[in-house]
Amino acid sequence: MDKKLFEIMTGEFTGVSESKGAFKKILIAIDKSGYRQKVIETGIMFAKVLGASLTAIHVIDRATLGVVWDLLSYYPGTRAEMYERGVQKESAKLLDEAKDLAQGKGVEMKTDLITNASSAAEGILNYAKEADADLIIIGTKGMTGIEKFLMGSVASKVISHAHCPVLAVR
């Protein structure tokens, strides 16, 4: 790692921070792609090295629920709520796996499932701002087809509009 980058990250670079690290609150945004493992491990490494708190979030927006939810919710008496609960259960499992991995490496991780965002990018950006995150770690690849297009645009929007630095993992 570049010495200057390390100094900035740890707060040893003049003018960045007087305390142990410049990044005290790290937020990782995970999805169901194969790259989530890399994002989680990167977040754990940074939290451990910097002595920072670590939070993992997963955002369920209407695009995530997809066309199936739209169709199910259009017709009365269908199982849209059941489908949505299933998606939430699957998402909670992703967060539990991340938390278990962090605990196995000696790092405390808070998790949160975001269900009220109009888009994944909005959910990540709003959460990061409200939590006063110092660093966001997000994946940029791992999905295919339309999912790849959507995730790429999510990462791009987060990088462009975040109030803090963003580390894009690929």
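Up top is the structure.
All chains use their own residue numbering, which begins from 1 and follows the written sequence. Given that this is a predicted model, residues contribute local features only at a pLDDT of at least 70 and side-chain atom pairs are listed and counted only at 80 or more, while totals for whole chains, interfaces and linings are drawn from all residues. Each side-chain value is worked out from all heavy atoms of the structure, with water and hydrogens disregarded.

Draft legend 1. Representation of the pattern of salt bridges within the structure. Salt bridges are identified by distance alone: a Lys or Arg side-chain nitrogen within 4 Å of an Asp or Glu carboxyl oxygen. Tallied over the entire structure, the rule returns 1 salt bridge. Here Glu97 and Arg36 are joined by a salt bridge, their closest N and O atoms 3.9 Å apart. Within this pair, whereas Glu97 is found in helix 4 (residues 80–104), its partner Arg36 is found in helix 2 (residues 36–50), the two being separated by 61 residues in sequence. Secondary structure elements follow DSSP: runs of H or I no shorter than four residues count as helices, runs of E no shorter than two count as strands, and numbering proceeds from the N terminus.

Draft legend 2. Region of interest: helix 2. Residue count minus one, scaled by 1.5 Å, sets the expected span of a helix. Between the first and last C-alpha of helix 2 there are 21 Å, a value that for 15 residues agrees with the 21 Å anticipated at 1.5 Å per step. Here helix 2 has its buried residues at Val39, Ile40, Thr42, Gly43, Ile44, Phe46, Ala47 and Leu50. Partly exposed describes any residue whose relative accessible area lies between the buried limit of under 20% and the exposed limit of over 50%, with all areas from a 1.4 Å probe on protein chains only and scaled to the type maximum.

Draft legend 3. How the structure looks around helix 5 (residues 120–130). Within helix 5, burial applies to Ala120, Ala121, Gly123, Ile124, Leu125, Tyr127 and Ala128. Once helix 5 ends, the next one or two residues include Asp132, with phi positive near 55°.

Draft legend 4. Just the sheet that holds strand 4 (residues 135–139), in detail. Strand order in the open sheet formed by 5 strands is 3-2-1-4-5, with parallel pairing between adjacent strands. The sheet is open, and its two edges are formed by strand 3 (109–114) and strand 5 (166–169), each paired on a single side. Averaged over neighbouring strand pairs, the angle between their axes works out to 20° when direction is ignored. DSSP calls a pair of strands paired once it identifies at least 2 bridges connecting them. Pairing of strand 2 (residues 53–59) with strand 3, which is carried by 6 bridges, proceeds in the parallel orientation. Bridging from a neighbouring strand, Val59 pairs with Ile114 of strand 3. For this analysis, residues touch if any pair of their heavy atoms sits within 4.5 Å. Whenever a helix is involved, its axis is fitted only over the stretch in contact; in every case the axis is a line through C-alpha atoms, and angles between N-to-C directions fall within 0 to 180 degrees. Lying on the sheet, helix 5 is in contact with strand 1 (25–29), strand 2, strand 3 and strand 4; it crosses strand 2 at an angle near 155°.

Draft legend 5. Region of the structure containing the nonpolar core. Here, the term nonpolar core denotes a set of buried Ala, Val, Leu, Ile, Met, Phe, Trp, Tyr and Cys residues that are joined through side-chain atoms within 4.5 Å. Ranked by size, the top nonpolar core spans 22 residues in total, and within it Ile26, Ile28, Ile30, Leu54 and Met109 carry the most contacts. Looking at this core, the elements that each hand over two or more residues are strand 1, helix 2, strand 2, helix 4 and strand 4. Top element by residues in this core is helix 2. It accounts for 6 residues. With near-sequence residues (within four places) excluded, Ile26 lies in contact with Phe46, Ala47, Ala52, Ser53, Leu54, Thr55, Leu135 and Ile137. Core analysis: the second largest hydrophobic core is formed by 20 residues, Val59, Ala121, Ala155 and Val158 among them.

Draft legend 6. Expanded view of unusual backbone geometry. You will see that Asp132, though not glycine, has its phi angle at about 55°, which is positive. Note on placement: Asp132 falls in the loop between helix 5 and strand 4. Judged by its relative accessible area of 45%, Asp132 falls in the partly exposed class.

Draft legend 7. Summary view of the pairing of strand 4. When you tally the buried positions in strand 4, you get 5 out of 5 residues, the bulk of the element. Alternating residues of strand 4 divide into Leu135, Ile137 and Gly139 and Ile136 and Ile138, and every residue in both groups is buried. As paired strands, strand 1 and strand 4 are joined by 4 bridges and run parallel to one another. Bridging across to strand 4, Ala29 finds its partner in Ile138. Where strand 4 meets strand 5, 4 bridges bridge the pair, whose relative direction is parallel. Bridge pairing in strand 5 links Ile137 to Leu167.

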